[in-house]
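Take a look at the letters that make up each chain.
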Amino acid sequence: MPDVSLISLEEFKKLYFVQYQKLFVDEYGFFYDESRAAQLRTTIIKHIQESKFTTFESYYDFLQNHFEGKLELKKIINDITIGETYFFRNLPQLDILRAEIIPKIVNRKRVLGVNEIKVWSAGCSSGEEVYTLAIILMEEVPGAPLWNISILGTDINRNYLENAKKGLYTSRRTFKHMPPEYFDKYFTRYGKSYIVNDQIKKMARFEQHNLVKDDYNLPEMVDLDIVFCRNVTIYFNIETTKTVINKIYNTLSDQGYLFIGHSETLWQINNKFVTLDFPHAFIYQKDLSRQKDMKKEAPYMTIPDLNLENISISKKMSLSTIATDAKSTEIPDVSVMETGTKKPVEDIGSIELPHQTADDFYNLQIIDKKYHHATMDFEKKNYDDALQKFSEIIGKDERYILAYFGRATIFANQGKYDEAIEELNKITRFDNLFLEAYYLLGVLYDKKQDIEKAIEMFEKVVYIDHTVALAYFHLGNLCRYKGNNKKALIQFNNIKNILANVDENEIVKFSEGMTNKNLLQLTEKLTEPLVTV
């Protein structure tokens, strides 16, 4: 009896990969690029060994042409889909849902004399997202128990759905972002686990659904107010993504909202939606009244969620300690860089610093302590208090770099982009190696639709540190927007080179929780149409 495990990875790629790849695209929209061929081979070998089949050919024929094969295919999908999720995931989006979206929906419904809100969580995995949305709606809709609030959760993985229906959760990781006050209010301890209360459970319904092959004809998929489809289309190729998003668009009522994952975008995928741009997230709205006024938009970017206490220590000093002659560190004007191998310029720490007196050092310690207190206010989003402390620091030492950066970050978070840019420019005039300042400037200029300045800032980021993959990603998208597909492809290839030898689960610098694996998947998708140009 032949042993399929003896078929090497190279043989699998050469003889079988393409046909299995097409099968998964046709049936589920899942696109496996060649970088994931090893994972696909391992999974298929496991299922062949558990079946009556002995070869890749016979097993493929079974999956492709027999009814029982379709059931077998679902088992494979259950193995290869990733159900990692948790309650209150992607907090910036949920903050927007609370503060902006739900009040608008409620007001509009009241004008219409309607007390119904319909939500769909597509790709709901084991239900954490569905129950998160139920809790938020229960908390934020005035008189919520008197409303007819329904949340549909769908997934292709039947095992996940069975767990979702139970509403029983054991892992502490799944609760890592759960506000503590919600435990007693909406959960009951069940041994070492927690079970969702019936009040929340009755708002939810779970159904198996294939976004690619199934019809969108469930009653709960009509005139939806909100659709969450996060981290689902990362598995799809461009054409499948376009088809799925268009179908979701048709399920939404006018003024309905779509939330997708932080590693996903509708830019150059679907131009029917109106993009609502917020500092830390952007979401999409079906607004029929505004569609005629829509224009070509540049790619949207989010303000990075920066930890002000984690900025490089070399910059945590007054500017009076930095040599004023920084010619050796001057960043030249550069065009869009074509490789990811540029060496960083000389580090600021190698410059000889002026002598400090004991009084200077003591005063700097006092300022550093105040800076720490300001960053604590910042983390708690007490922005007025933080701004006051940062301003007091600047009053004592007008060249204390991080105080300006703290002010800039707050202004950016508040949508005051001009004020933020002014603060950042003060920094870069003194310290032209401040990586975070240039990155934030790039994002802000993009939000102001100043594409040339955005490109200039991201070029400086990768000149200073050639490993910042997200800067190359933005450069690639900006080149695509300008119609320069050749340079865009160069930037995306830079990302692939950078991520080739790193931990795929490591979080990408400056991202909102995106992993290296997520970024690589997204880059592969965006590269796909460019290589055919």
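The structure we're discussing is the one just above.
First, a word on what this report is: a plain description of the structure on this page. As the structure is a prediction and not an experimental result, all values here were calculated from the model.

Section: the sheet that holds strand β2 (residues 148-155)
Thinking step 1. As summarised here, the arrangement of the seven strands in space is β6-β2-β1-β7-β8-β10-β9, forming an open sheet in which the pairing is mixed. The sheet is open, and its two borders are formed by β6 (204-208) and β9 (274-278), each paired with just one other strand. Averaged over neighbouring strand pairs, the angle between their axes works out to 20° when direction is ignored.
Thinking step 2. Summarising the sheet, strand β7 (residues 224-229) and strand β8 (residues 252-260) pair through five bridges and their orientation is parallel. Bridge pairing in β8 places Leu224 opposite Leu252.
Thinking step 3. Across the sheet, helix α7 (residues 128-140) lies against β1 (116-122), β2, β6 and β7, angled at about 165° from β2, the strand it touches most.

Brief notes about the packing of helix α14 (residues 401-413) against helix α16 (residues 435-447)
Thinking step 1. Put simply, α14 and α16 touch, their axes get as near as 12 Å, and they point 25° apart. Here α14 is positioned roughly parallel relative to α16, judged by the angle of their axes. With respect to the hand of their crossing, α14 and α16 are arranged in left-handed fashion. Residue-level inspection shows Phe405, Thr409 and Ala412 of α14 in contact with α16, the latter providing Glu436, Ala437, Leu440 and Leu444.
Thinking step 2. Looking at the contact of α14 with α16 residue by residue, the class counts come to five nonpolar, one polar and one charged.

What to know about helix α18 (residues 469-481)
Thinking step 1. In this model α18 runs 19 Å from its N-terminal to its C-terminal C-alpha over 13 residues, within 8% of the 18 Å that 1.5 Å per residue would give.
Thinking step 2. Across the 13 residues of α18, 13 count as buried, placing the element largely inside the fold.
Thinking step 3. Looking one or two places after α18, you find Gly483, whose phi comes out positive at around 85°.

Section: empty space enclosed by the protein
Thinking step 1. On inspection of all chains with the given rule, the structure shows four cavities of 30 Å³ or more.
Thinking step 2. Taken as a whole, the largest cavity holds about 410 Å³ of empty space.
Thinking step 3. As for the largest cavity, its lining consists of 26 residues, and the residues nearest its centre are His262, Glu264, Phe282, Tyr300 and Thr302.
Thinking step 4. Where the lining of the largest cavity is concerned, the elements lending two or more residues are α6 (91-112), β10 (281-285) and α18.
Thinking step 5. Split by residue class, the lining of the largest cavity holds 14 nonpolar, 10 polar and two charged.

Some words on the sheet that holds strand β4 (residues 187-190)
Thinking step 1. An order of β3-β5-β4 is seen for the three strands of this open sheet, with the pairing classed as antiparallel. Pairing within the sheet leaves two strands with one partner each, and these edge strands are β3 (168-169) and β4.
Thinking step 2. Two strands pair when backbone bridges link them, and β4 and strand β5 (residues 193-196) are joined in this way by four bridges, in the antiparallel orientation. Within β5, the residue paired with Tyr190 across the bridge is Ser193.

Brief notes about unusual backbone geometry
Thinking step 1. Unusually for a residue other than glycine, Phe88 sits at a positive phi of about 55°.
Thinking step 2. Mapped onto the elements, Phe88 comes out in the loop between α5 (67-80) and α6.
Thinking step 3. Unlike most non-glycine residues, Phe510 shows phi in positive territory, near 75°.
Thinking step 4. Overall, Phe510 belongs to the buried group, its relative accessible area being 11%.

What about the packing of aromatic side chains?
Thinking step 1. Applying the stated criterion across every chain yields a total of 38 aromatic pairs.
Thinking step 2. Against the face of Tyr86 rests Lys176, its NZ or CZ located 4.3 Å from the ring centre.
Thinking step 3. A cation over a ring is seen here: Lys286 above Tyr249, with NZ or CZ 4.6 Å from the ring centre.

Describing the pattern of salt bridges
Thinking step 1. Scanning all chains against the criterion turns up 23 salt bridges.
Thinking step 2. Arg98 is the partner of Asp95 in a salt bridge, and the nearest nitrogen-oxygen pair spans 3.4 Å. With Asp95 and Arg98 both in helix α6, this residue pair falls three residues apart, about one helical turn.
Thinking step 3. One salt bridge in this structure joins Glu423 and Arg407, with 3.1 Å as the shortest N-O distance. Within this pair, whereas Glu423 is found in helix α15 (residues 417-430), its partner Arg407 is found in helix α14, the two being separated by 16 residues in sequence.
Thinking step 4. Each member of the salt-bridge network shares a partner with another, and the members are Asp95, Arg98, Glu140 and Lys381.

Quick notes on the rules
Residues numbered from 1 in each chain as written. Predicted model: local features only at pLDDT ≥ 70, side-chain atom pairs only at ≥ 80, totals over all residues. Heavy atoms only, no water. Pairing = 2+ DSSP bridges. Helix = DSSP H or I, 4+ residues; strand = E, 2+ residues; numbered from the N terminus. Axes fitted to C-alpha atoms, helices over the stretch in contact; angles between N-to-C directions. Contact = heavy atoms within 4.5 Å. Parallel < 35°, antiparallel > 145°, perpendicular 65-115°, else oblique. Left-handed = near helix turned anticlockwise from the far one by under 90°. Nonpolar A, V, L, I, M, F, W, Y, C, P; charged D, E, K, R; others polar. Expected span 1.5 Å × (residues − 1). Buried < 20%, exposed > 50% of the residue type's maximum accessible area, 1.4 Å probe, protein only. 1 Å grid on protein atoms, 1.4 Å probe; cavity = no way out; pocket = protein on both sides within 12 Å on 5 of 7 lines; lining within 4 Å. Points joined across faces, edges and corners; volume = space filled by probe spheres on them. Phe/Tyr/Trp six-rings, centres within 6.5 Å; stacked < 30°, edge-to-face > 60°. Lys NZ or Arg CZ within 6 Å of the ring centre and 35° of its normal. Salt bridge = Lys/Arg side-chain N within 4 Å of Asp/Glu carboxyl O.

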